[in-house]
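# Residue-level structural notes
Letter by letter, the chains look like this.
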Amino acid sequence: MPDTTQVNINNKAQAQNTYDAIVIGSGISGGWAAKELCELGLKTLVLERGRNIEHIKDYPTATTPIWEFPHRTRMLEKDIKDNPVISQCYAFTEDNAHFFVKDKEHPYVQEKPFTWVRGYQVGGKSIMWGRACQRWSDFSFGGPARMGYAVDWPIRYADVEKWYGHVERFAGICGNKDGVPDIPDGDYLPPFEMNCVEQEMKRKISEKYKDRYMVHGRWAHLTKPNPIHLEQGRGQCQARDLCTRGCPYGGYFSSVSSTLPWAKKTGNLTIRPHSVVHSIIYDEKKGKASGVRIIDANTKESIDYFARIIFVNAAAMNSNLILLNSKSNRFPNGLGNDSGILGKYVAHHNYRGSVNGDYDGPEDKYYFGRNPSQPMIANYRNLGKQDTDFIGGYLTFCGAYRGGANPQGDQIGADYKEALTEPGGWRVFMYMQGEVVPREANHVRLHPDLKDPYGIPQLITSVSYTDNDEKLLKDFLDQSKEMMEAIGCTNVVQHDNKWAPGLDIHEMGGCRMGKDPKTSMLNKWNQLHHCSNVFVTDGACMTSTGNQSPSILYMTLTARAANYAVGEMKKMNL
Ligand SMILES: Cc1cc2nc3c(=O)[nH]c(=O)nc-3n(C[C@H](O)[C@H](O)[C@H](O)COP(=O)(O)OP(=O)(O)OC[C@H]3O[C@@H](n4cnc5c(N)ncnc54)[C@H](O)[C@@H]3O)c2cc1C
Ligand code: SF4
């Protein structure tokens, strides 16, 4: 196995393997790093552990009708048994399974249950993501300072506002401008329409509660593409809601449909798939990182690549793993880890609660297409000050739909078949996206002995809920039931799915931003305090989790950091 303290040098090979910038990971955040760095003129190498995925060509199931799948998209009992972790994910189905990491392929150690959902391919999880995109507000950035947890973020909304716009305009995010304090308005394309019952829900909620706002889904879909989207080769979303298979229209944002091909057009991009990053190489003499060591997934050969700046975008837990595994004399506990914080304060979102009910809505009304977005109720808890017995808040996704027909009587014959073609009654749902407060005890670390198939230490995950999460969950369940009843729903049922951390697929933290190098890893530009040419801009950088869907913030921080990094390279010869 490669010795992490020795650089594998051969002058000719070194010159061939040298770029201006290296980006580790090609998913949502890595794609943005590649786009910005290439546009700014840097010869950029993207190292991706998985196989290549080409937009459209590599979406094998995108247009397959459900009846052509041998099991109508359901997974076999055997696959579920073989994959007790990933089979818990709602999107791991017969039509999508090829985009998810199977349990046995990439083992890790769950000290406490942690459902780690991964997509190892060019595009990462941007291919299968759910696409909800709300902006953070100062209520979220200021939360830790206001309520006394984690550490204060080194940035506020004003620092990222223009970069949100930069990302939204290019990616294409639909939504309405609602003027709601906790989810500031963005640069949006028109929203998907609310159906007739959702409009009723919105009206009744705003009548009863002066501080609760149900708004249109803010989602990464091209409802009305602008020239910049057409230039990317993407077209209008057809509202088919088959997005997690990959979209042949480019109707939703992913790295493979948008940022990576754009970066490629500059002529500055090289993507190297099958490149499992082992560690970042630290040059003790220069006092900065000199490159990245990979294991070729096919040959198991160890190869070094060199660059002036390095962006770490392997998704939060893998970014932690890579940094922890980047050991040198200067950093025996992981790159930049003088504070001992690396791997700690890991957090996620609480998706445990949901509430459902029936609604006596118009039986003669339906809706157009399959709206791939969902309305949402902005967080209304602990905004200005703490007004509950828990810390943090939650955003509520919600909506209404016609259920399936449930004809009574003989389950056979022409009448039964005919009855099945009719939609059932209206159903209303709400589910939560709750803030989880980062704690030192919630951490990841390297296993001292167990290795993965590439000789890299396996990750140990040690993450659990606290009493605060239970109180927040209870509040969501009670408040949502109350809102459902105020709307006029009947048969309202509350449900705690008891999901383990991780299944929310919003892994965050471990390499947090902060003002003080003694209590954080990254400064306000996502730059390692103690290794200035390394930037970590995926979820690992999150100081707290907020209640908003996180990926649009990773993209925003990445674009901002990439532009800063290039400016610094010019000024300070990074
Ligand atoms: C079903 C589903 C629904 C979701 N819904 C939403 C949503 O609605 N809104 C939202 O904001 N987020 C959502 N997410 C989460 C979202 O996908 C992630 O937050 C986002 O993809 C993270 O971006 P990233 O760049 O950090 O990681 P990824 O997109 O996962 O990309 C990381 C890349 O790094 C590569 N990599 C990892 N380790 C290494 C290594 N050692 N060497 C080289 N390459 C490596 C991986 O193969 C991968 O390609 C959802 C995810 C899923 C799966
Ligand atoms: S809903 Fe839109 S983005 Fe999703 S698969 Fe259909 S056309 Fe593509």
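Our subject is the structure listed above.
Here goes a summary of the coordinates provided. (Residues numbered from 1 in each chain as written. Chains lettered and ligands numbered in written order. Predicted model: local features only at pLDDT ≥ 70, side-chain atom pairs only at ≥ 80, totals over all residues. Heavy atoms only, no water.)

Right, let's get into the sheet that holds strand β8 (residues 302–306). If you walk across this open sheet you meet the three strands as β6-β7-β8, and the pairing is antiparallel. Both edges of this open sheet fall to β6 (275–283) and β8, since each of them pairs with a single strand only. In this sheet, neighbouring strand axes are inclined to one another by 30 degrees on average, regardless of whether the strands run parallel or antiparallel. (Pairing = 2+ DSSP bridges. Helix = DSSP H or I, 4+ residues; strand = E, 2+ residues; numbered from the N terminus. Axes fitted to C-alpha atoms, helices over the stretch in contact; angles between N-to-C directions.)

Further remarks concern the site of ligand 2. Taken together, 13 residues lie near ligand 2, and Cys237, Gln238, Asp241, Cys243 and Cys247 sit nearest. The residue makeup of the shell around ligand 2, split by class, is eight nonpolar, three polar and two charged. (Near = heavy atom within 4 Å. Nonpolar A, V, L, I, M, F, W, Y, C, P; charged D, E, K, R; others polar.)

On to the environment of Asp358, then. Summarising the element assignment, Asp358 is placed in strand β12 (residues 353–359). Those residues in contact with Asp358 that sit more than four places away from it in its chain are Trp426, Arg427, Gly488, Cys489, Thr490 and Asn491. One polar contact links Asp358 to Arg427, side chain to side chain, over a distance of 2.6 Å. In terms of polar contacts, Asp358 uses its side chain to reach the side chain of Asn491, at 2.6 Å. (Contact = heavy atoms within 4.5 Å. Polar contact = N/O pair within 3.5 Å; in protein donor to acceptor, adjacent residues only side chain to side chain.)

Attention now moves to the environment of Phe331. Note on placement: Phe331 falls in the loop between α10 (316–324) and β10 (344–347). Judged by relative accessible area, which is 1%, Phe331 ranks as buried. With 79 residues separating them along the chain, Phe331 and Asp410 place their C-alpha atoms 72 Å apart. Excluding anything up to four places from it in sequence, Phe331 contacts Tyr282, Ser326, Gly336, Asn337, Asp338 and His530. (Buried < 20%, exposed > 50% of the residue type's maximum accessible area, 1.4 Å probe, protein only.)

Our next topic: the site of ligand 1. Looking at ligand 1, there are 37 residues lining it, with Ser29, Glu48, Gly130, Val277 and Ser551 nearest. In the environment of ligand 1, an oxygen atom lies 2.7 Å from a nitrogen or oxygen atom belonging to the side chain of Ser29. Note that an oxygen atom of ligand 1 is positioned 3.1 Å from one of the backbone N or O atoms of Arg131. Compared with its free state, where it exposes 990 Å², ligand 1 has 96% of that area covered by protein. Tallied by class, residues from the shell around ligand 1 come to 16 nonpolar, 16 polar and five charged. (Areas by Shrake-Rupley, 256 points an atom, 1.4 Å probe, with all protein chains shown as cover.)

Contact geometry for helix α7 (residues 196–208) and helix α12 (residues 467–487): axes closest at 9 Å, N-to-C directions at 110 degrees. Regarding the angle of α7 to α12, the classification is roughly perpendicular. Both α7 and α12 take part in a crossing whose hand is right-handed. Judged by residue contacts, Met201, Lys204, Ile205 and Lys208 of α7 engage Glu482, Met483, Ala486 and Ile487 from α12. For the contact of α7 with α12, the per-class residue count stands at five nonpolar, no polar and three charged. (Parallel < 35°, antiparallel > 145°, perpendicular 65-115°, else oblique. Left-handed = near helix turned anticlockwise from the far one by under 90°.)

On inspection of all chains with the given rule, the structure shows 23 aromatic pairs. Measuring from centroid to centroid gives 4.9 Å for Trp136 and Phe141, while their planes differ by 45 degrees, and the two rings are tilted. Centre to centre, the rings of Tyr157 and Tyr164 are 6.3 Å apart; their planes meet at 40 degrees, and the pair counts as tilted. Among the aromatic residues, those joined into a cluster by ring pairs are Trp219, Tyr351, Phe397, Tyr401, Phe429, Tyr431 and Trp499. Lying over the aromatic face of Tyr380, Arg212 brings its terminal NZ or CZ to 3.8 Å of the ring centre. Over the aromatic face of Tyr345 sits the side chain of Arg512, whose NZ or CZ is 3.9 Å from the ring centroid. (Phe/Tyr/Trp six-rings, centres within 6.5 Å; stacked < 30°, edge-to-face > 60°. Lys NZ or Arg CZ within 6 Å of the ring centre and 35° of its normal.)

What follows concerns the nonpolar core. Judged by nonpolar contacts, the single largest core of 122 residues is most densely connected at Ile24, Leu37, Ile280 and Phe311. At 12 residues, helix α13 (residues 551–572) tops the list of elements feeding residues into this core. When neighbours within four sequence positions are excluded, Ile24 is seen to be in contact with Leu47, Val277, Ile280, Val292, Ile310, Phe311, Val312, Asn313, Ala314 and Ile322. (Core = buried A, V, L, I, M, F, W, Y, C linked by side-chain atoms within 4.5 Å.)

Take the sheet that holds strand β21 (residues 531–536) next. With mixed pairing, the six strands of this open sheet are ordered in space as β5-β2-β1-β9-β21-β20. Strand pairing shows two members of the sheet lacking a second neighbour, β5 (269–272) and β20 (527–528), which therefore form its edges. Relative to β21, strand β9 (residues 309–312) is paired through three bridges, and the arrangement is parallel. When the sheet's bridge partners are listed, Phe311 is paired in β21 with Phe535. On the sheet, helix α2 (residues 28–39) packs against β1 (21–24), β2 (44–47), β5 and β9 and is oriented at approximately 165 degrees with respect to β1.

Every α-helical turn comprises 3.6 residues, leaving residues that sit three or four positions apart pointing alike. Burial runs high along helix α9 (residues 255–265): eight of the 11 residues are buried. Among the residues of α9, those classed as buried are Ser255, Val256, Ser257, Ser258, Thr259, Leu260, Trp262 and Ala263.

Opposite charge on two side chains permits them to pair, given that their charged atoms come into close proximity. Taken as a whole and judged by the stated rule, the model has 29 salt bridges. The salt bridge partner of Asp82 is Lys78, with a shortest N-O separation of 2.8 Å. In this pair, Asp82 and Lys78 are both assigned in helix α3 (residues 77–82), four residues apart and thus about one turn of the helix distant. One salt bridge connects Arg381 with Asp475, and the closest N-O pair in it is separated by 2.8 Å. With Arg381 in the loop between β13 (376–377) and β14 (394–402) and Asp475 in helix α12, this residue pair connects regions lying 94 residues apart in the sequence. Residues Arg381 and Asp475 agree in their burial class; the two are buried. One connected set of salt bridges, linked through shared partners, spans Glu200, Arg203, Lys204 and Glu207. (Salt bridge = Lys/Arg side-chain N within 4 Å of Asp/Glu carboxyl O.)

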